[in-house]
Amino acid sequence: MIGAGLAGCEAAWQLAERGISVELYEQKPHKKSPAHKADTFAELVCSNSLRAANVENAVGLLKEEMRRLGSLIMEAADACSVPAGGALAVDREGFSRHITQRIRNHPLIRVIEGEVTCLPAQEGGIVATGPLTEGAFFEEIQRRFAPKQMHFFDAAAPLIEADSINMSKAFRASRYGKGTADYLNCPMTEEEYLRFYEALVTAEVAPLHLQEERELTVFEGCMPVEVMAKRGPQTLCYGPLKPVGLTDPHTGKRPFAVVQLRQDDFAASLYNMVGFQTHLKFPEQKRVFSLIPGLENARFARYGQMHRNTYLVSPLLLDERYRLKEETCLYFAGQMTGVEGYVESAASGLCAGLHLARELRGMEAMTFPVTTALGALGSYIAHASAEDFQPMNINFGMMPPVQGRYKSKMEKNRVLAERSLSALAELLPQAVL
Ligand SMILES: Cc1cc2nc3c(=O)[nH]c(=O)nc-3n(C[C@H](O)[C@H](O)[C@H](O)COP(=O)(O)OP(=O)(O)OC[C@H]3O[C@@H](n4cnc5c(N)ncnc54)[C@H](O)[C@@H]3O)c2cc1C
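A brief report on the enclosed structure follows. (Residues numbered from 1 in each chain as written. Predicted model: local features only at pLDDT ≥ 70, side-chain atom pairs only at ≥ 80, totals over all residues. Heavy atoms only, no water.)

Turning to the packing of helix 3 (residues 72–79) against helix 4 (residues 92–105), a few remarks are in order. Axis separation between helix 3 and helix 4 bottoms out at 9 Å; the angle between their running directions is 135°. Judged by the angle between their axes, helix 3 and helix 4 are oblique. Between helix 3 and helix 4 lies a crossing of right-handed hand. Residue-level inspection shows L72, I73, E75, A76, A77 and A79 of helix 3 in contact with helix 4, the latter providing F95, H98, I99, R102 and I103. Class assignment of the residues belonging to the contact of helix 3 with helix 4 gives a composition of 8 nonpolar, 1 polar and 2 charged. (Axes fitted to C-alpha atoms, helices over the stretch in contact; angles between N-to-C directions. Helix = DSSP H or I, 4+ residues; strand = E, 2+ residues; numbered from the N terminus. Parallel < 35°, antiparallel > 145°, perpendicular 65-115°, else oblique. Left-handed = near helix turned anticlockwise from the far one by under 90°. Contact = heavy atoms within 4.5 Å. Nonpolar A, V, L, I, M, F, W, Y, C, P; charged D, E, K, R; others polar.)

Put into structure tokens, the structure is as follows:
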């Protein structure tokens, strides 16, 4: 097992829980990518949110399926959750620590610290080195799979120290007053917004290498806020800064725009700027984001950054079990397979670990049906069009539709979720072996 990230830890856990001895190679703490800061495993490199919690949302359903299959990542997420309205957000350090302890204490997992530079030669390996794979191992993958390997650029949002937020301007609320008031909201008048907007679109961006700049493509779901802003002055007001469902208690009115901050740790000492992935130079981030009311004197525990994101053109290489089509017993997992997001990466690790365990134990191969979120994700990476293949978040559009008329999208999604969970229940006795 190469890489103790979200996918690698989940895969190692699934193998070990099925009685397979695992050697887990991890380059930390000796070497870290520019986005990884902690020495612990399964580090969340940007947001602390694992997105929607309810099963009427596809990522909520995926999480529920993972729980039912004994996911270590979900065990840690549930143990380390912090308030986040309808989302499942976690204390990032506690989450990563929980997983590291469980992995290190498992009698069948041996952690080997050090950078791996070539693909495993032995029977039965999983590669989960993530989207920031670089150096000799990146070159080995390029050598073996080019041109069946691609990349785009991804960005992370800044983290702010809570006691530097001016609460005489910011206010605590959730949209439409739903659930508990988990977000801190920084309200803007039209004048304040336009001043911030002008500063944002004219701010200096950090330089990229020449070759990278020529190839620059960003993932829509993680677009830098300054790139989104350049689409037009109103774009942010319909995106991350939308004010709907929020009333400023200081004025009794709906603000023109709102920047939301989400709790990032148990102690509520850090807050994440929601939707503020950015590639501005660090001093520019301080200058521009300090124009947001409530953040005038904000201290940044971490600035936003942008990174290359590498993935395989999986439909040409992998089957729906994340196994190389033309190789004996070599699997891939995580974001590098073309799934997108923390949960999806962990889910692919769960599948790869489970399928490899079956293969090593000489058991019949099984596949999750496409009516399940796990099956739909595997089917996407194996059967999507290879031309212009892009990493994808889980969504109900990946599953076969249900017939009938429904009062609302919510009701339809509930039926899809029920169908999925009953298909999984039938498979469960086989899948847990
Ligand atoms: C900058 C950035 C921000 C992102 N933000 C979000 C977000 O907010 N929300 C979201 O849902 N998704 C986000 N993603 C996407 C994705 O969910 C994460 O990258 C996720 O961590 C992927 O999980 P993984 O297991 O595939 O890789 P990782 O979690 O990156 O794990 C890979 C592991 O392999 C190790 N490793 C790498 N190379 C080697 C080697 N040669 N030898 C040994 N060990 C090695 C690494 O040290 C690391 O521990 C982001 C991605 C990036 C790049």
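Next up on the list: the environment of H250. One can find H250 in the loop between helix 9 (235–238) and strand 11 (257–263). Placed 82 residues apart in sequence, H250 and S168 show a C-alpha to C-alpha distance of 8.3 Å. Those residues within four positions of H250 in sequence are excluded, and the remaining contacts are M167, S168, K169, A170 and F171. Separated by 3.2 Å, the side chain of H250 and the backbone oxygen of S168 make a polar contact. (Polar contact = N/O pair within 3.5 Å; in protein donor to acceptor, adjacent residues only side chain to side chain.)

Moving on, we come to the sheet that holds strand 10 (residues 183–188). Overall, antiparallel pairing links the 6 strands, which are arranged 9-10-11-12-8-13 in an open sheet. Here the strands that pair on one side only, and so sit at the sheet edges, are strand 9 (171–173) and strand 13 (300–302). Pairs of neighbouring strands in the sheet enclose a mean axial angle of 40°, with direction left out of account. Examined bridge by bridge, strand 8 (residues 159–161) and strand 12 (residues 270–273) share 3 bridges and lie antiparallel to one another. Residue I160 lies in a different strand from strand 12, and its bridge partner there is Y271. (Pairing = 2+ DSSP bridges.)

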